[in-house]
Each structure stands twice: as structure tokens, then as C-alpha cells.
Amino acid sequence: MNLKELSELLGLSQTTVSRALNGYPEVSEKTRIRVVAAAREHNYSPNSRATGLATGRAMVIGHVIPLSARHEIVNPVFGDFVAGALQTYSQNNYDLMFAHAIDGGEAEIYKSLYNRRVVDGVVLQGPNVTEPRIKDLRDLGIPFVVHGRSSHEHGPYNWVDVDNTRSFRRAAEFLIDLGHRRIALINGLEDMDFAWRRRTGYLEALTAAGIEVNPDFMFSEEMTEVAGHHAARDMLRMETPPTAFMVSSMISAIGVRRAIEEAGLKMARDVSVIAHDDDLSYLKNGQDVPIFTATRSSVRQAGVIAAGILIDQINNPQLEAQTRMLEAELVVGRSTGPGPD
């Protein structure tokens with residue numbers, strides 16, 4: 001059954017049926033329930049092109065990737081977030097479009113996509129501490145949602161984020177309670193907001209415990225296995241090395257574990273490690289017992305939530321900005337143990 005046939009069966013216009021199925025607020029709840037029930041009964045699945053013609057929408061969500069960050073396409077965190085977003089898109093008959101732009105040129109790409117009605121809204125990922133793209137999107141009047149936040153942006157905007165400051169403060173407090181005083185941080189790039197907030201949580205916990213911050217125990221770089229390995233290797237060669245590491249990704253933590261083993265040490269017994277676990281679909285943190293003690297929050301679920309917020313904004317342009325703070329769970333695994341006597 002197609003849209004025309006379903007509309008004739010219900011005695012409604014194709015536009016009303018399409019708007020009912022896509023959650024438009026001007027369609028009454030009674031009509032929406034009737035349309036949805038009929039669509040299910042007759043196994044009707046709306047065609048996005050037909051829906052777009054009926055509603056005047058593109059039925060496409062855009063993700064714009066800066067050229068210098070094209071590696072994000074193969075970043076597993078990026079992939080799992082998009083996979084979660086796609087679940088919501090497909091449930092609402094939306095498709096996904098990737099576009100790329102030179103650094104600093106994203107605003108023109110956003111404007112072009114929206115003005116040409118190629119997309120109905122966009123998702124911004126990887127916000128920096130200072131993030132001009134948020135103001136650009138707000139000024140252009142484009143529906144958008146941010147995966148993360150920007151510390152220096154105080155205007156209203158839709159976002160979904162993990163409480164990174166709180167999660168890393170709790171992780172550091174956990175290590176301090178175990179007796180560790182020499183705690184290192186292997187972080188992501190700290191011009192990115194999530195990494196800056198994790199650094200803040202780490203510093204807050206050490207300061208509150210009266211532990212002097214050692215700049216040599218703080219490292220910031222792309223979150224790769226190699227970067228994690230090299231940072232931990234160099235720190236473990238210090239005259240007074242750290243007894244514990246806090247690591248901003250599971251991938252980097254694998255490199256840290258390799259460095260510990262190469263130094264003839266044993267993780268947990270000699271050196272403790274806490275990682276942030278995005279609960280990636282292909283990189284699970286063990287099975288029954290986690291390998292790493294970790295702050296865990298599903299990035300795929302963040303994608304599901306962010307896409308829902310964006311579609312709500314598209315359907316109801318007058319909605320106030322929606323925000324969602326996710327809490328990371330501290331999961332105790334086999335990578336932490338008591339500090340030195």
C-alpha cells in the first residue's frame with residue numbers, strides 16, 4: 001500500500017496522513033492515532049521521497065565533517081554515535097547525509113545545505129571549548145543538536161552530553177581512596193570540550209585531596225593506542241613514576257596496558273588504570289568481569305537521544321532548546337588495586 005491508497009482508505013489528504021505519521025503538532029492526537037493504527041494494519045512504510053514531497057521537507061539529516069577531521073569517519077566513537085542516530089532517523093523516516101567542509105568553512109556548508117532544502121537539520125559533533133559553529137547555526141536558524149557542549153557558549157542550543165567533569169572526579173577519588181597519590185592523566189586533545197572537562201574533574205579531585213599536581217603526569221593527544229602506549233611508557237621511565245593512570249578512551253588504555261607489561265609490571269598489582277568506556281559495539285570491556293575499571297556511558301544511546309531531540313525541533317520549531325545530561329557509571333574491573341604502602 002502506498003501513501004495515496006492509505007489516504008483514500010482513511011478519507012484524508014496525503015499531506016495530513018504524512019504529517020500524522022511524522023508527528024506534526026498541528027495534527028490532532030485522535031487523527032494521529034487513527035493514521036498510525038491504519039499504517040500498521042496495512043503494513044504501510046512511508047517512502048522518504050514521497051513524504052518529503054507531501055510535507056515540503058527533505059527528510060534528511062546532515063552531518064558536516066571538517067576536512068582536517070576526516071579521520072573521524074573511522075573513529076569508532078563517531079561510528080557508534082551515528083549508528084544510534086540512524087535508529088531514530090529510520091523510525092521517523094529520515095535519511096542521513098555526510099558532507100565535508102574546510103576548517104572554518106562549515107557555516108557556508110550548513111547554509112547551502114539548508115537553503116537548498118537538502119537537509120532539514122544538522123548534527124554537530126566534537127565541539128571545542130570555544131565553538132563558533134554553534135553561534136553560526138543559531139544565527140542561520142537551522143535546527144541542530146550538538147553531541148557534547150561548549151564551555152564558552154552560553155546561548156541556548158540543543159545538546160546531549162556526558163557529565164565528564166563529575167565522572168573523572170569520581171574516578172580520581174576512587175584511586176585516591178585506594179591509596180594512590182601519583183595519578184597520571186592521559187587525555188584527549190584538550191581544545192575539545194569533553195577532554196577539558198575531564199581534565200577539570202581530575203584536577204578538582206587531586207586538589208581536594210591535597211595532592212600536588214604534577215604537570216609531567218598530564219598528557220593530551222589524539223586518543224589512539226600508540227599515543228596511550230608512548231605516554232605511559234615515558235611516564236613509567238621517570239625516576240618517580242605514577243602508580244595509576246586515568247585514560248580518556250578504551251583504545252588509549254590498551255596502549256597503556258601494553259606499556260605496563262613491557263616495563264615488566266602487572267596491571268592492578270603494580271599500576272592501576274581507569275579508562276573511559278563509550279560502550280562501543282565492537283570493543284567491549286570484557287564479558288562477565290570488566291577488564292578495565294571504567295567510567296561507562298553508551299555513545300550509541302547518546303546518538304539515539306540526540307537524533308530524537310533534533311527531530312522534535314524540526315517538527316516543533318518553537319520548542320525551547322532541549323538538553324540532556326547523561327551520567328557515566330563507574331564500573332570496577334580488573335585494572336585497579338591498592339596504592340603503594
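Residues numbered from 1 in each chain as written. Predicted model: local features only at pLDDT ≥ 70, side-chain atom pairs only at ≥ 80, totals over all residues. Heavy atoms only, no water.

Caption draft 1: Broad picture of the domain arrangement of the protein. Considered domain by domain, the protein is made up of domain 1 (3-46), domain 2 (60-162 + 300-326) and domain 3 (164-296). Domain 2 and domain 3 are separated by 29 Å when their C-alpha centres are compared. At the interface, 14 residues of domain 2 touch 14 residues of domain 3. Summed over the three residues of domain 2 that lose the most area to domain 3, namely P76, V129 and V162, the buried surface amounts to 34% of that side. At the surface where domain 2 touches domain 3, the tally comes to zero salt bridges. Those elements that provide at least two residues to the side of domain 2 that touches domain 3 are α5 (76-91) and β5 (158-162). Examining the composition of the side of domain 2 that touches domain 3, we find that three residues originate from one element, α5, more than from any other. Classifying every residue of the side of domain 2 that touches domain 3 gives five nonpolar, five polar and four charged. (Domains from an automatic or database assignment. Contact = heavy atoms within 4.5 Å. Buried area = accessible area lost by both parts, 1.4 Å probe. Salt bridge = Lys/Arg side-chain N within 4 Å of Asp/Glu carboxyl O. Helix = DSSP H or I, 4+ residues; strand = E, 2+ residues; numbered from the N terminus. Nonpolar A, V, L, I, M, F, W, Y, C, P; charged D, E, K, R; others polar.)

Caption draft 2: Inspection of the pattern of salt bridges at higher detail. Within this structure, the stated rule accounts for 17 salt bridges. A salt bridge links E153 to R138; the shortest N-O distance between them is 2.7 Å. Of this pair, E153 sits in the loop between β4 (144-147) and β5 while R138 is found in helix α7 (residues 132-140), placing the two residues 15 residues apart along the sequence. The class of R138 is partly exposed, set by a relative accessible area of 28%. For R149, the salt bridge identified is with D161, shortest N-O distance 2.8 Å. With R149 in the loop between β4 and β5 and D161 in strand β5, this residue pair connects regions lying twelve residues apart in the sequence. R149 sits in the buried class, given a relative accessible area of 12%. When salt bridges with common partners are traced through the structure, they connect E225, R258 and E262 into a single cluster. (Buried < 20%, exposed > 50% of the residue type's maximum accessible area, 1.4 Å probe, protein only.)

Caption draft 3: Seen up close, helix α1 (residues 3-10). If you check which residues of α1 are buried, you get L3, L6, S7 and L10. Down the axis of α1, the buried side of the element spans an arc of 100°, and every buried residue falls inside it. Once α1 ends, the next one or two residues include G11, with phi positive near 70°. (Arc of directions from axis to C-beta.)

Caption draft 4: Local environment of the nonpolar core. Membership of the largest hydrophobic core comes to 60 residues, with the highest contact counts inside it found for F245 and M246. Here this core takes nine residues from helix α12 (residues 299-315), the largest share from any one element. Counting contributing residues, this core receives three or more from each of domain 2 (60-162 + 300-326) and domain 3 (164-296). Not counting the four nearest positions on each side in its chain, F245 is found in contact with A184, I186, A232, M235, L236, V256, V271, S272, V273 and I274. (Core = buried A, V, L, I, M, F, W, Y, C linked by side-chain atoms within 4.5 Å.)

Caption draft 5: Fine view of the sheet that holds strand β11 (residues 323-326). The strand order across the open sheet formed by six strands is β2-β1-β3-β4-β5-β11, and the pairing between neighbours is parallel. Where the open sheet ends on each side, the last strands, each with one partner, are β2 (95-101) and β11. Strand-to-strand twist across the sheet, computed as the mean angle between neighbouring axes with direction ignored, equals 20°. Against the sheet, helix α6 (residues 106-115) contacts β1 (60-66), β2 and β3 (121-125), and its axis sits at roughly 145° relative to β2. (Pairing = 2+ DSSP bridges. Axes fitted to C-alpha atoms, helices over the stretch in contact; angles between N-to-C directions.)

Caption draft 6: View of unusual backbone geometry. Here N93, not a glycine, exhibits a phi torsion of approximately 65°, which is positive. Locating N93 in the fold gives a position in the loop between α5 and β2. Phi at A268 takes a positive value of approximately 85°, unusual for a residue other than glycine. What makes A268 buried here is its relative accessible area of 15%.

Caption draft 7: A look at the sheet that holds strand β7 (residues 218-220). If you walk across this open sheet you meet the six strands as β7-β6-β8-β9-β10-β12, and the pairing is mixed. Looking at which strands have only one partner, the edges of the open sheet turn out to be β7 and β12 (329-331). Across the sheet, the axes of successive neighbouring strands diverge by a mean angle of 15°, strand direction being ignored. Summarising the sheet, strand β10 (residues 293-296) and β12 pair through three bridges and their orientation is antiparallel. Each bridged residue has a counterpart across the sheet, and for T295 the counterpart in β12 is L330. Helix α9 (residues 193-208) contacts β6 (183-187), β7, β8 (244-247) and β9 (272-277) of the sheet and is inclined by roughly 175° relative to β6. Across the sheet, helix α10 (residues 225-236) touches β6, β7 and β8, and the angle it forms with β6 is around 155°.

Caption draft 8: Examining α12 more closely. The terminal C-alpha atoms of α12 lie 24 Å apart, and with 17 residues this matches the ideal 24 Å at 1.5 Å per residue to within 8%. With twelve of 17 residues buried, α12 lies mostly within the body of the structure. Looking at the buried residues of α12, the elements they touch are β1, α5, β3, β4, β5 and β11. Structurally, the start of α12 carries an N-cap: the backbone nitrogen of R300 is 3.4 Å from a side-chain oxygen of S298. (Expected span 1.5 Å × (residues − 1). Polar contact = N/O pair within 3.5 Å; in protein donor to acceptor, adjacent residues only side chain to side chain.)

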